[in-house]
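Summary of structural features
Listed below are the residues making up each chain.
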Amino acid sequence: MDRSRIAVIIPALNESATISQVVRAVAAHGQAIVVDDGSSDTTAAIAEQAGAQVVRHARNQGYDGALNSGFAHADRQGFEYFVTVDADGQHNPALISAFVARLDDGADVVAGVRDRRQRLGEHVFAWVGGVLWGIRDPMCGMKAYRADLYRMLGHFDAYQSIGTELCIFAVRSGKRMDQIPVATADRQDSPRFGRRWVANRRILRALVLGIFRRQVPTASPQEQP
């Protein structure tokens, strides 16, 4: 596997406890790009020390905003594949090679399917996503994309769909989507989507947007401020 082709994009908010371990683990597979989304701790400094390229947000822009910046940063450097991994240590970096192998085989996007989901909203999103788009776990944070797919849309997410817009765009555009089982470890920190009722509300809002909004390609990918 030619790691110079692969950007591993890691959105992070106050993940100082786990970020070094995650960055060092993904380094065998590609270049780690950590988006420090307005952290109040030392996440950015620790990520740089571990070997990551760091994109900094002065204020928190949310999960999709962080990935927008990470994708734009990776695109400017000409990476061929973009892989997303959470910063909390839940995803096994060894699986990256399996995701990349599917892209090498012709897939345009590869979505992880977790062995467990934490919230009611995630179960609803997964059921509807499976029926409408064949996406069995839309909210899994571990996915892999061809850079060409990202350039077609011109952005990662424009309506805060919690990481699903580009994946849904691929399916609606007739692109090939593969799916891979992903075992998840226990989190070592607080959930990134907040308290349970707030998280479920955000997830269901993202589902409604995914159903009723159509993705509009932009002229070119732009990094978020």
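Only a predicted model underlies this, so the values are computations on that prediction, with no experimental measurement involved.

Turning next to the pairing of strand β1 (residues 6–12). Each regular strand carries side chains that alternate between the two faces of the sheet. The element β1 is largely enclosed, with a buried count of seven among its seven residues. The alternating pattern of β1 places I6, V8, I10 and A12 on one face and A7, I9 and P11 on the opposite face, and all of these are buried. Two strands pair when backbone bridges link them, and β1 and strand β2 (residues 31–37) are joined in this way by six bridges, in the parallel orientation. Paired with I10 across the strands is V34, a residue of β2. Handedness of the β-α-β unit built from β1, helix α1 (residues 19–26) and β2 comes out right-handed.

Time to look at helix α5 (residues 120–133). Because each turn of an α-helix spans 3.6 residues, side chains separated by three or four positions end up pointing in the same direction. With 14 residues, α5 ought to run about 20 Å at 1.5 Å a step, and its terminal C-alpha atoms sit 19 Å apart, in line with that. Residues of α5 that are buried include every one of G121, E122, F125, A126, V128, G129 and W133, and no others. Among the residues trailing α5, G134 stands out with phi positive, at a value near 75 degrees.

Neither face of strand β4 (residues 81–84) is exposed, since Y81 and V83 on one face and F82 and T84 on the opposite face are all buried. Of the pairings in the sheet, the one linking β1 to β4 comprises four bridges and is parallel in character. When the sheet's bridge partners are listed, A7 is paired in β4 with F82. Strand direction decides the pairing type here: β4 and strand β6 (residues 143–146), joined by four bridges, are antiparallel. Bridge pairing in β6 links V83 to A144.

Looking now at the nonpolar core. F71, F82 and L166 are the most contacted members of the largest nonpolar core, which totals 36 residues. Residue assignment for this core shows that the elements contributing at least two residues are β1, β2, α3 (62–76), β5 (109–114), α5, α6 (147–153), α7 (165–172) and α8 (196–212). Setting aside its immediate chain neighbours within four residues, F82 contacts A7, I9, F71, A74, D75, K143, A144, Y145, A147 and Y150. Residues I19, A44, V83 and I96 belong to the second largest nonpolar core, which totals 30 residues.

Parameters at a glance
- Residues numbered from 1 in each chain as written.
- Predicted model: local features only at pLDDT ≥ 70, side-chain atom pairs only at ≥ 80, totals over all residues.
- Heavy atoms only, no water.
- Buried < 20%, exposed > 50% of the residue type's maximum accessible area, 1.4 Å probe, protein only.
- Helix = DSSP H or I, 4+ residues; strand = E, 2+ residues; numbered from the N terminus.
- Pairing = 2+ DSSP bridges.
- Right-handed = clockwise from strand over helix to strand, strands pointing away.
- Expected span 1.5 Å × (residues − 1).
- Core = buried A, V, L, I, M, F, W, Y, C linked by side-chain atoms within 4.5 Å.
- Contact = heavy atoms within 4.5 Å.

In short, geometric facts, not functional conclusions.
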